[in-house]
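Close look at the chain arrangement
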Amino acid sequence: DAGVIQSPRHEVTEMGQEVTLRCKPISGHNSLFWYRQTMMRGLELLIYFNNNVPIDDSGMPEDRFSAKMPNASFSTLKIQPSEPRDSAVYFCASSLIPGGIRNIQYFGAGTRLSVL
Amino acid sequence: QQQVKQSPQSLIVQKGGISIINCAYENTAFDYFPWYQQFPGKGPALLIAIRPDVSEKKEGRFTISFNKSAKQFSLHIMDSQPGDSATYFCAAREQGGKLIFGQGTELSVKP
């Protein structure tokens, strides 16, 4: 299995532009998580989906952020408009549900976003 | 409110030594406690995990010690190697599947 695939790996954009990050979870996984990692705040959960349905979006910082999961094999995280403080590494992770010892989250390699 | 507190923030250990990273949690409803290892430029990867009804779990050189009454758990890396140099995150899982991560410990093992 190729693991969780994220694109792009790096994104440099200017303040005010729209940014779209993409994620393909591991085939057969039915939970998907979006995280943001910064030096100051560590790893923060932004939103997660079970069976393509958003379950908890309490970590989404503000209305500029939105996430969708139109099918089991694809998710996007969009920032519009982007701001310099959004600069971070964004990770996508997937896992099986329900819980139990098999519910391991597998992370992608991340997208490093720089907003100038 | 930080539900999982991790210490130290950074750690330097000599090759062959023991690395110890500590975590404390507040929510007694957490049902699973994994440790993740992250190398620069990579995503976190599951290293070892424990359930709250077990006091210790060992996998090779890595051991988790779990103290349910104190709401603390720790990662011990025996015979630390330079290849173990990475950032380590403890985490605690809510019953719905959401992981709450500690702030991370940057481990450097000197040859």
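Residues numbered from 1 in each chain as written. Chains lettered and ligands numbered in written order. Predicted model: local features only at pLDDT ≥ 70, side-chain atom pairs only at ≥ 80, totals over all residues. Heavy atoms only, no water.

In this model, chain B carries a mean pLDDT of 93, and residues with pLDDT of at least 70 account for 98%. The lowest-confidence element of chain B is strand S10 (residues 99-101) of chain B, averaging 90 in pLDDT; the highest-confidence one is strand S8 (residues 72-77) of chain B, averaging 98. (pLDDT = per-residue confidence, 0-100. Helix = DSSP H or I, 4+ residues; strand = E, 2+ residues; numbered from the N terminus.)

Next up on the list: the pairing of strand S9 (residues 88-95) of chain A. All names here are of chain A. Burial analysis of S9 places eight of its eight residues in the buried class, the great majority of the element. Burial along S9 is two-sided: the face carrying Ala88, Tyr90, Cys92 and Ser94 and the face carrying Val89, Phe91, Ala93 and Ser95 are both buried. Where strand S4 (residues 31-38) and S9 come together, seven bridges link them in antiparallel fashion. Along S9, the bridge assignment pairs tryptophan 34 with cysteine 92. For S9 and strand S11 (residues 111-115), the ladder comprises three bridges, and the chain directions are antiparallel. Residue pairing in the sheet places valine 89 in a bridge with arginine 112 of S11. The pairing of S9 with strand S10 (residues 106-107) spans two bridges and is classified as antiparallel. Note that in S10 the partner of serine 94 across the bridge is tyrosine 106. (Buried < 20%, exposed > 50% of the residue type's maximum accessible area, 1.4 Å probe, protein only. Pairing = 2+ DSSP bridges.)

As a further point, take the interface of chain A and chain B. Every contact between the two is made by 23 residues of chain A and, on the other side, 17 residues of chain B. Buried surface at the junction of chain A and chain B, both sides included, amounts to about 1,600 Å², of which 53% is carbon and sulfur. When the shortest N-O distance is used, the salt bridge between aspartate 56 of chain A and lysine 98 of chain B registers 3.0 Å. Linking chain A to chain B there are four residue pairs in polar contact (both at pLDDT 80 or more). At the level of elements, S4 and strand S5 (42-50) of chain A are the ones that each hand at least two residues to the side of chain A that touches chain B. (Contact = heavy atoms within 4.5 Å. Buried area = accessible area lost by both parts, 1.4 Å probe. Salt bridge = Lys/Arg side-chain N within 4 Å of Asp/Glu carboxyl O. Polar contact = N/O pair within 3.5 Å; in protein donor to acceptor, adjacent residues only side chain to side chain.)

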